[in-house]
Each structure stands twice: as structure tokens, then as C-alpha cells.
Amino acid sequence: MQQAEELLFSGRQELGFAKGLFLGNFVADWVMPYPRLEPTRQTELESALSEVRQMLDRDLDPGWIDRNADIPRHLVDGLARTGVLGMTAPREFGGRGFSQMQCCRILEEIGKRDASTSVFVNAHHSIGIRALLLFGTREQQAQWLPSLVAGEQLAAFALTEREAGSDAANVRMTATPSDDGSHYVLNGEKRYITNAAVSQVWTVMARTPVPNKPGKDAITAFLVTPDMPGVEMIEGRMPKLGIRGTATGRFRLNNVRVPKENILGPLGKGLRVALTVLDFGRTTFGACCTGAAKHCLQLAIEHANSRQQFKKTLGNFDLVKKKIARMAADVYAMEAMTNVTASLIDRGLEDYMIETAMLKVFTTDRLWEAVNDAFQIHGGSAYFDDNPLGRMLRDARINQIGEGSNEVLTSFIALVGMRGPGMEFKEIYDTMTSFSMNRVGKAWSAGLNRLGATVRTPNVPVQSAELRGFAGQLGRLIWRFNVAINRALVVYREPVLDMQLLQERIAGAAMELFASTCTLSRWDSELQARGRNGEKQPLDFAAPEYFLRKSIRHAKELLAKLNDNDDRALLASANAALGS
């Protein structure tokens, strides 16, 4: 807990949208108006998309990649030539200087076509190069970025070990400083590293001693190259169920001497480097999943409109329509959430770690449902190798595990979100049990905040009159969410830290609130744009309406289950099965 406090709450604490929800507030300027690219940026993006699409049409064969478990060099060259490998790198280093929103749109296009290629690009760019962009010195950037942007070299991000994955703080690889301080000696093993066998620059996390604090260590990020003496590639391409085209490897460092100039970011702050980079990676994760879900929807619609059974096309059956409607609604929300979250980065806002975690969990779960629904609509034909859905099913499964498992992130969302109101309740409680005039002011302020959130329904500002009903429902639901948070904190207090079934419902409700807000913001923006163009409202807003209805309903159900559930029976059954 102390490590978490130091890492997550030591810097400036900005009241962002997600943290505001847990406090009963609606921080409107984080999500409204819906983000749009400036005209010059949009034109730039459309030109890049056209170029990338032409290259992908020519060079990308998902079936070949899956069968041969490789991404061919001519595709890598095409990605480099069209600027994909250095999308957000500054132009001075050969990059395109794209914003995060532009980057996400490009990765959505790749994710629509092939998961192996999108994961390859994500590993190289979104978490590989990104670490250099965020934490590299000018000298490091000048040395490494040009060749990485040009595709002459590829990047990998090496965090995961046998005992360290979602538990990023449990890294065991060591980095011992030399006596003269000129270099560090790295020892340990990394596994499940995307691009390990095909890359030339690794960002490696290892434990370093904390200066002047004997016996204490912290994680530091290092730039390591596989040609350094002592690097052992144990397994370059680990066979996998899905995303077979990616070179997922396992390597060991045996007394590898790494110059101190290769430290990336501050000494001992590698965990912050890792988690910050993952925030960026999770937005592109959302974009890739959105692209794949769009492809699922397209395949499902085409099959439903052409396949006949019982003298009707499949699209005439309500249970098929149910799946199509769910996919269409979720795709609309996934795209909205991705754009809003990416815009938080582009606007230079701080502390969006809950939003990126929510985006990752939401989009990966909804993609899995979309693949499964499309698979079911195709029936037995989906089970054969000439249908892409079998590959997509295998490829999609890793998303709920990679870059932080969804279970870990679910608890993270709930616990980090509840910290704000929890600290206010703690201030009140501590003052009541140990009175001090110095604390009265803080306790009074905390009490007013909690009381105000309890009696005030947040305003959700929309411009379109026809959406005010949904805005009112959302505001009342945020109030209800805050009341439920307050009750959980008062009733359970510290034990809530271990109550993961409760955390799951709280995080689930928060994600629905975020998704509904992004959907409402996008719908409002589209209505306003059509109004300015003098057009009447078309009948193509069924997807956001259905999403809002089912999302708000689901959030209410989750909050109701905080008090009415079968958790005791569930845990008793599990303990009996486990023999504990």
C-alpha cells in the first residue's frame, strides 16, 4: 500500500472525470464537447489513412501471417514507409508528429484487419518508442529515435517476468552499479515480451539499489540492446494460441553491462515509466479493439443479410437482431470512449489512469462479446479455417490478459476511485475520534463535500434538447453511484480493500457511467453538427440510444447488487471446491 501511495498519489492530484464520478461530480470539460480534430489535423489524418489503407490492401495478408507465424519484412517496410512506426514521434526525428487521437485512428484501421500486426505496432510504437518520447533525454532521443522511426530498428518493452506481470512492482531482475558508477550489471529473465526476437532496442525494467539507503531498492528503466555480451535469447518465438504473427520471446540477461547513459528516466522511477507508458498503450489498445469489433459487425451484417434459413434471411430473426444491435451499440460506444480518452492525452491533462484502465477493460470485454456473437451468427461455417472468425476468436482472447489483466484493472479502478471519498471520510472520522483544532477545518470541508454530493444531483450539460432526458438519467445515476460508494465506505471501511466482488460491481458501474457519458457526448455533437448543416435528424441514431438504455440499466443492476447478492454462497462454493 505504501508503494502504491508513493507511486500513484505523490504528484499533482487533478480531479479528472473518473475521480469526479466517485465524488459525485460531473467534470464536464473533460468529456464535453466531444473532441474533434482541427481541420488541418483531420486533413492530415485522412491523407495518411488513404496511404496506409493502400499499403495494407497490398501488403497485409492476415491468413498468411497466422499460418506462418510471422510478419513479413515487406509489411514492416510498408508500415515504416507510411509513417506508422513513428506516428507520434517528432518530425525532427523523422516521425509524423501525430496526436494520440490521430494515432488511435490509424491503429483502429490496422486492428480492423489483423490483430498480430496491430499488436506488433503497439509494442514497437505505443509502449516501445513512447518510453523514449516521454522519458528520454535529448541525447537518447537523437541516438535511438531516427532508426526506430524509419523501421531500421524495432523496439520492445520488457517488463513481464515469472512473478511480475500485472503485479508490475514484483520485478526481480537486478541491476547492480559498478564500483566506478559507469555502468550497471543486469541479471534476470524476461518472458512474454512482444517483438523480443525481432527488435534491436529493449526498454528493460530492473531493480537498482536506492542510493544512501542500504537494503532498499527500486525499479529503474534501462535501454538494452540484444547485441550486448551476456544477452541470451532462450526462446525467440513462443508458440501461441493467437496473434501468432508476433514474435513473443523469452530472454535472460547474464551479467550484461549497460552504460549509465542508458538509464531511461530518473533512477528508481522505472515503475512510473512503465505505468505511464501503459496509459498510452491502453488508448491504442482501445482503438485496435474498436477496429476489430467493427470488422465483426460488418461480417455479421453481411452474413445475416445473405444466409437463408426457414425461408428467411438470418437478419429477420429477433435473436440474431439482438446480437447485431448489441454489436452496433457497443462499437459506437467503444469508438466514443477511445476518442475521449485519447483527447485527454492530447490536451495535456494529467491523471487519466482510471480512464485508460476503464477503456482497456471495457473495449477488450466488448470485443470478446462481438467476436463470439459474430461467430454464433455464422454458425458452423465459422469453425472452419476459410472463415476469418476462427483466427479473430483466437486473437481476441489475449486482450483481456495483456497490459494488465482485466481482473487486476477492475480492482484498480474501484480502489483508486474510492480513495478520494475515502480520504474525506477518514478526515471526518479521525477528527471525531482524536479532536484537534488543526484538523477541524479539513474535517469541516470534507463533511461539506460529502453532504453536498449526497443532496445534489450533478448536471450533465447537453446542447440537444432531445437528449436532455438521457442527460437527466445520467446525472441521477451519478448521484446514486456516489451514495452507493459512501455507504460501502462507511459500512465496510478498510476491509473493502479485499472485497473484490464488491469492487467489481463498483468498477463495472463506473465503466458504464464513463461509456454512457462518452456516447452521449458523441451523439450530442453529431446532432449539433447535423443541425448546423441544415439537415434533419436521420434515423441512424438507434445505436447510441440503445447503448444508453442498456448501459444505464446495467449500471443500476450493478449498484442494486451491492446490497442484494449471493456473494456468501459464491465464496462458500468456491472455498469448498478449493478445499480451503
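Residues numbered from 1 in each chain as written. Predicted model: local features only at pLDDT ≥ 70, side-chain atom pairs only at ≥ 80, totals over all residues. Heavy atoms only, no water.

**Notes on the overall build of the protein**
Note the threshold: Put simply, DSSP H or I for four residues or longer makes a helix, DSSP E for two residues or longer makes a strand, and each gets a number counted from the N terminus. In this setup the radius of gyration rests on C-alpha atoms only. A globule is expected at 2.2 Å times the number of residues raised to 0.38. Only protein chains enter the accessibility calculation, which uses a 1.4 Å probe. A residue is then buried if its area is under 20% of the maximum for its type, exposed if over 50%, and partly exposed in between. For this analysis, residues touch if any pair of their heavy atoms sits within 4.5 Å. Calculation of accessible area relied on Shrake-Rupley with a 1.4 Å probe; when residues are assessed, cover is drawn exclusively from the protein chains displayed. Charged residues are defined here as Lys and Arg on the positive side and Asp and Glu on the negative side; His and the ends of the chain fall outside this count. Charged groups are reduced to one reference atom each: NZ for lysine, CZ for arginine, CG for aspartic acid, CD for glutamic acid.
Within the protein, the regular secondary structure consists of 18 helices and ten strands. The C-alpha atoms of the protein give 25 Å as radius of gyration, which agrees with the globular expectation for 580 residues (25 Å, within 12%). Based on the C-alpha atoms only, the size of the protein along its principal axes is roughly 75 × 65 × 60 Å. Residues classed as buried in the protein amount to 54% of the 580 residues present. Pairs at least 24 apart in sequence give 75% of the contacts found in the protein among residues at least 6 apart. Of the accessible surface of the protein, which amounts to about 26,300 Å², a share of 52% is contributed by carbon and sulfur atoms. Charged side chains of the protein number 69 positive and 65 negative; the gap between the two group centres comes to 4 Å.

**Focus: the pattern of salt bridges**
The test is simple: By convention in these notes, a salt bridge is any Lys or Arg side-chain nitrogen within 4 Å of a carboxyl oxygen on Asp or Glu.
Applying the stated criterion across every chain, the model contains 36 salt bridges. Note that Arg53 is salt-bridged to Glu109, the shortest N-O span being 3.2 Å. One end of the pair, Arg53, is in helix H3 (residues 39-59); the other, Glu109, is in helix H6 (residues 100-113), with 56 residues separating them in the sequence. What emerges from the salt-bridge pattern is a single network uniting Arg105, Glu108, Lys294, Glu335, Arg522 and Glu526.

**Observations regarding the state of the cysteines**
Cut-off, in case you're wondering: Disulfides are defined as cysteine sulfur pairs within 2.5 Å.
A full pass over the atoms with the stated rule returns zero disulfides. Summary of cysteine pairing: Cys289 is not part of a disulfide, and the nearest cysteine sulfur, belonging to Cys288, is at 6.9 Å. Here Cys296 stays free of any disulfide, with the sulfur of Cys289 as its closest cysteine sulfur at 10 Å.

**Brief notes about the packing of helix H10 (residues 318-346) against helix H17 (residues 542-560)**
As a reminder, the rule being used: Angles run from 0 to 180 degrees between N-to-C directions of axes, and those axes are lines fitted to C-alpha atoms, restricted for helices to the stretch in contact. Any angle that is under 35 degrees is reported as roughly parallel, and any over 145 degrees as roughly antiparallel; angles of 65 to 115 degrees are reported as roughly perpendicular and all others as oblique. In this count, Pro and Cys sit with the nonpolar residues alongside Ala, Val, Leu, Ile, Met, Phe, Trp and Tyr, while Asp, Glu, Lys and Arg are called charged and the others, Gly among them, polar.
Two elements in contact, H10 and H17, have axes separated by 8 Å at closest approach and are oriented at 90°. Of the possible angle classes, the one that applies to H10 and H17 is roughly perpendicular. Contacts between H10 and H17 involve Ala325, Arg326, Ala328, Ala329, Asp330, Tyr332 and Ala333 from the first element and Ala543, Pro544, Tyr546, Phe547 and Lys550 from the second. The class makeup of the residues in the contact of H10 with H17 is nine nonpolar, no polar and three charged.

**As for the confidence of the model for the protein**
Note that predicted coordinates carrying low pLDDT should not be read in detail. Stated formally: As a per-residue measure, pLDDT tells how confident the predictor is, with possible values from 0 to 100.
Summary statistics for the protein give a mean pLDDT of 92 and a share of 92% for residues scoring 70 or more. Averaged over each element, pLDDT in the protein is lowest for helix H1 (residues 2-9) (47) and highest for H10 (98). Per-residue pLDDT stays below 50 along residues 1-7; that stretch engages in eight contacts with residues further than four places along the chain or on separate chains.

**Regarding unusual backbone geometry**
A cis amide bond, omega -5°, links Met32 with the succeeding residue Pro33. In this fold, Pro33 is placed in the loop between helix H2 (17-22) and H3. Look at Asp351: it is not a glycine, yet its phi comes out positive at around 60°.

**Side note on the pairing of strand E7 (residues 248-259)**
This is how it is decided: A pair of strands counts as paired when DSSP detects no fewer than two bridges linking them.
The pairing of strand E3 (residues 183-194) with E7 spans nine bridges and is classified as antiparallel. Among the inter-strand pairings, Tyr184 is bridged to a residue of E7, identified as Val258. One ladder, built from four bridges, connects strand E6 (residues 231-235) with E7; its direction is antiparallel. Directly across from Met233, in E7, lies its bridge partner Phe251.

**What to know about the packing of helix H7 (residues 115-135) against helix H9 (residues 270-306)**
Note the threshold: What makes a crossing left-handed is the near helix being turned counterclockwise from the far one by less than a right angle; a clockwise turn instead makes it right-handed.
Across the interface, H7 lies against H9 with an axial gap of 9 Å and an inter-helix angle of 145°. Pair H7 / H9 crosses with right-handed handedness. Residues Ser118, Asn122, Ser126, Ile127, Arg130, Ala131, Leu134 and Phe135 of H7 form the contact with H9, whose own contacting residues are Arg272, Val273, Thr276, Val277, Leu278, Phe280, Gly281, Thr284, Phe285 and Cys288.

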